[in-house]
Amino acid sequence: MHEYKLIRSDRKSISIEITPSLEIIIRSPYRLPKADIEKFFLSHEKWINEKLEKMKKRVEKYPTQISETEAKALIQKAEQILPQKVAHYSRLMNLYPTALKITAAKTRFGSCSGKNSICFSYLLMRYPDEAIDYVVVHELAHIKHKNHSREFYALVEKYLPDYKVREKLLRS
């Protein structure tokens, strides 16, 4: 059995996360008994093992530690490519961000603030063009829908009918 880190917070559900450092994190409501957490953990052991194996392969292919030279090259590539892609899809979707930033985020490829400012991690530049387009459209769709509702995904699908295939590129 694997060890895990338990983080309790003011939440309603329990979840499991596998980090790039292969740490297992369980997030749980404050009041959930430890026995229930253990039961949940054990019932997901097969899933955990599969995800650990996937994460190992992902980290081998895309190491989390990169050289300063590679980081600079990826940032430069992001600064060239992302504004053009955002401008292109903004025109198509008629959704315009208030700002565009390139970040060093390691846990997410993109985000959209409540004020419609979009951030992209320069690490996204390590992925195929189809995956980059998906993240751009995904974040622009958040300007209209601040959630992952059916309407949100319908909007993404309108501009990228194969978005599920593109999304998988980010996970493989």
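As a reminder, the structure under discussion sits directly above these lines.
Residues numbered from 1 in each chain as written. Predicted model: local features only at pLDDT ≥ 70, side-chain atom pairs only at ≥ 80, totals over all residues. Heavy atoms only, no water.

S.K.: Got a minute to help me understand the state of the cysteines in this structure?
M.R.: Between two cysteines, a covalent bond joining their sulfur atoms is known as a disulfide. If you walk through the whole model with that rule in mind, you get zero disulfides. Free cysteine cysteine 112: the closest other cysteine sulfur is in cysteine 119, separated by 9.0 Å. Accessibility expressed as a relative area gives 18% for cysteine 119, which makes it buried. (Disulfide = S-S within 2.5 Å. Buried < 20%, exposed > 50% of the residue type's maximum accessible area, 1.4 Å probe, protein only.)

S.K.: How should the packing of aromatic side chains be read in this particular structure?
M.R.: Aromatic rings in a pair are described by how distant their centres are and how their planes are angled relative to each other. In total, this model carries five aromatic pairs according to the counting rule given. For the ring pair tyrosine 4 and phenylalanine 41, a centre distance of 4.6 Å and an interplane angle of 40° mean the geometry is tilted. With tyrosine 4 in the segment before strand 1 (5–9) and phenylalanine 41 in helix 1 (residues 34–43), this pair connects stretches of sequence that are 37 residues apart. Residue tyrosine 4 is classed as buried on the basis of its relative accessible area of 18%. The exposure class of phenylalanine 41 is buried, given its relative accessible area of 1%. (Phe/Tyr/Trp six-rings, centres within 6.5 Å; stacked < 30°, edge-to-face > 60°. Helix = DSSP H or I, 4+ residues; strand = E, 2+ residues; numbered from the N terminus.)

S.K.: What am I meant to see in the layout of surface pockets here?
M.R.: Where empty space is left can be seen by rolling a probe of water-molecule size over the atoms. One number sums up the size of the largest pocket: a volume of about 1,400 Å³. Contributing to the lining of the largest pocket are 38 residues, with Arg58, Thr107, Arg108, Phe109 and Arg171 lying nearest its centre. For the lining of the largest pocket, the elements supplying multiple residues, two or more each, are strand 2 (15–18), helix 2 (45–61), strand 5 (110–112), helix 4 (129–144) and helix 6 (163–171). Along the lines of polarity and charge, the residues of the lining of the largest pocket split into 17 nonpolar, ten polar and eleven charged. (1 Å grid on protein atoms, 1.4 Å probe; cavity = no way out; pocket = protein on both sides within 12 Å on 5 of 7 lines; lining within 4 Å. Points joined across faces, edges and corners; volume = space filled by probe spheres on them. Nonpolar A, V, L, I, M, F, W, Y, C, P; charged D, E, K, R; others polar.)

S.K.: I'm lost on the sheet that holds strand 1 in this one. Help?
M.R.: Backbone-to-backbone hydrogen bonds join strands into a sheet, with any given pair of strands oriented parallel or antiparallel. Pairing within the open sheet is mixed, and its three strands lie in the order 1-3-2. Edge positions in the open sheet fall to strand 1 and strand 2, since each of these has one partner strand only. Taking each pair of neighbouring strands and ignoring which way they run, the sheet shows an average axis angle of 25°. As defined by bridge partners, strand 2 adjoins strand 3 (residues 24–29) across four bridges and the pair is classed as antiparallel. Along strand 3, the bridge assignment pairs glutamate 17 with isoleucine 25. (Pairing = 2+ DSSP bridges. Axes fitted to C-alpha atoms, helices over the stretch in contact; angles between N-to-C directions.)

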